[in-house]
Amino acid sequence: MDEWKRVAWSDESRFLIHHVDGRVSVYRLPGEQLLPSCTTGHRQAGGGGIMLWGTFSWMALGPLVVVEQTIKAANYLNIIADQLHPYMAFVFPTGNGIFQQDNAPCHKARIVLEWFVEHTDEFHLMFWRPNSPDLNPMEQIWDAMERQLKAQTPPCPNISTLRDRCLDIWYNLSPVMYQKLVASMPRRVAAVLKAK
């Protein structure tokens, strides 16, 4: 558990103004050909959305960054240098912190990995298995934020309101919540190993 408490977890997630529940309804007469125009689920979610990057550890909630465009290696490197680096220095001043990121292409870019090598005396980069989102407790934080957004009325009318609401939810997350998520790691790992 001492090692899990030294990990800063991170992830990106997209939040939309209008939510789609994934269900598709079909309206057609018996014998009528099934065309895209007969379904309601083929439409994209309207109104747009925002991409968020966040990090947290047992010790403290980290920054939440609103990313204006798709996360490419260069702007991910800016996030790491400008947001993650000071957070890690603050939370793990002795250099014993461990940073978790998944295997998104921008995370594995040469310029990003070189930056981590240059800063290895300040904190370490955790090896992360491909295709293992179940292990990342950030997923539960994104889910909780999504539920809180959906419960708010009135719905978000625009991107600016969505951004403000996401930031408000993030910075009001309870330390009890994210500490429980970190404390769940031994159980999560055991369950994944058991399931092979």
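Residues numbered from 1 in each chain as written. Predicted model: local features only at pLDDT ≥ 70, side-chain atom pairs only at ≥ 80, totals over all residues. Heavy atoms only, no water.

- As annotated in an unreviewed UniProt entry, the protein chain is Transposable element Tc1 transposase from Araneus ventricosus.

### A word on the pattern of salt bridges
No. 1: Under the definition given, this model contains two salt bridges.
No. 2: Here Glu114 and Arg110 are joined by a salt bridge, their closest N and O atoms 3.2 Å apart. Within this pair, Glu114 and its partner Arg110 are both found in helix α2 (residues 110–118), separated by four residues, close to a single helical turn.
No. 3: Across the pair Arg163 and Asp164 runs a salt bridge whose closest N-O atoms are separated by 3.4 Å.
No. 4: Judged by its relative accessible area of 41%, Asp164 falls in the partly exposed class. (Salt bridge = Lys/Arg side-chain N within 4 Å of Asp/Glu carboxyl O. Helix = DSSP H or I, 4+ residues; strand = E, 2+ residues; numbered from the N terminus. Buried < 20%, exposed > 50% of the residue type's maximum accessible area, 1.4 Å probe, protein only.)

### Topic: the packing of aromatic side chains
No. 1: Counted under the stated rule, the structure contains nine aromatic pairs.
No. 2: For the ring pair Trp4 and Trp9, a centre distance of 5.8 Å and an interplane angle of 25° mean the geometry is stacked.
No. 3: You can call Trp4 partly exposed: its relative accessible area is 23%.
No. 4: Taking the relative accessible area as the measure of exposure, Trp9 reaches 0% and is therefore buried.
No. 5: The rings of Phe99, Trp115, Phe116 and Phe123 are connected pair by pair, giving a single aromatic cluster.
No. 6: Directly above the aromatic system of Trp58 lies the positively charged group of Lys5, at a separation of 4.4 Å from the ring centroid. (Phe/Tyr/Trp six-rings, centres within 6.5 Å; stacked < 30°, edge-to-face > 60°. Lys NZ or Arg CZ within 6 Å of the ring centre and 35° of its normal.)

### Focus: the packing of helix α3 (residues 138–151) against helix α5 (residues 175–183)
In a packed pair of helices, the relevant descriptors are the angle between the two axes and the axis-to-axis distance.
No. 1: α5 packs onto α3 with a crossing angle of 145° between their chain directions and a minimal axis gap of 10 Å. In the packing of α3 onto α5, the handedness of the crossing is right-handed. For the pair α3 and α5, contact is made by Gln140, Ile141 and Ala144 and by Met177, Tyr178 and Leu181, respectively.
No. 2: Class assignment for the residues of the contact of α3 with α5 results in five nonpolar, one polar and no charged. (Axes fitted to C-alpha atoms, helices over the stretch in contact; angles between N-to-C directions. Left-handed = near helix turned anticlockwise from the far one by under 90°. Contact = heavy atoms within 4.5 Å. Nonpolar A, V, L, I, M, F, W, Y, C, P; charged D, E, K, R; others polar.)

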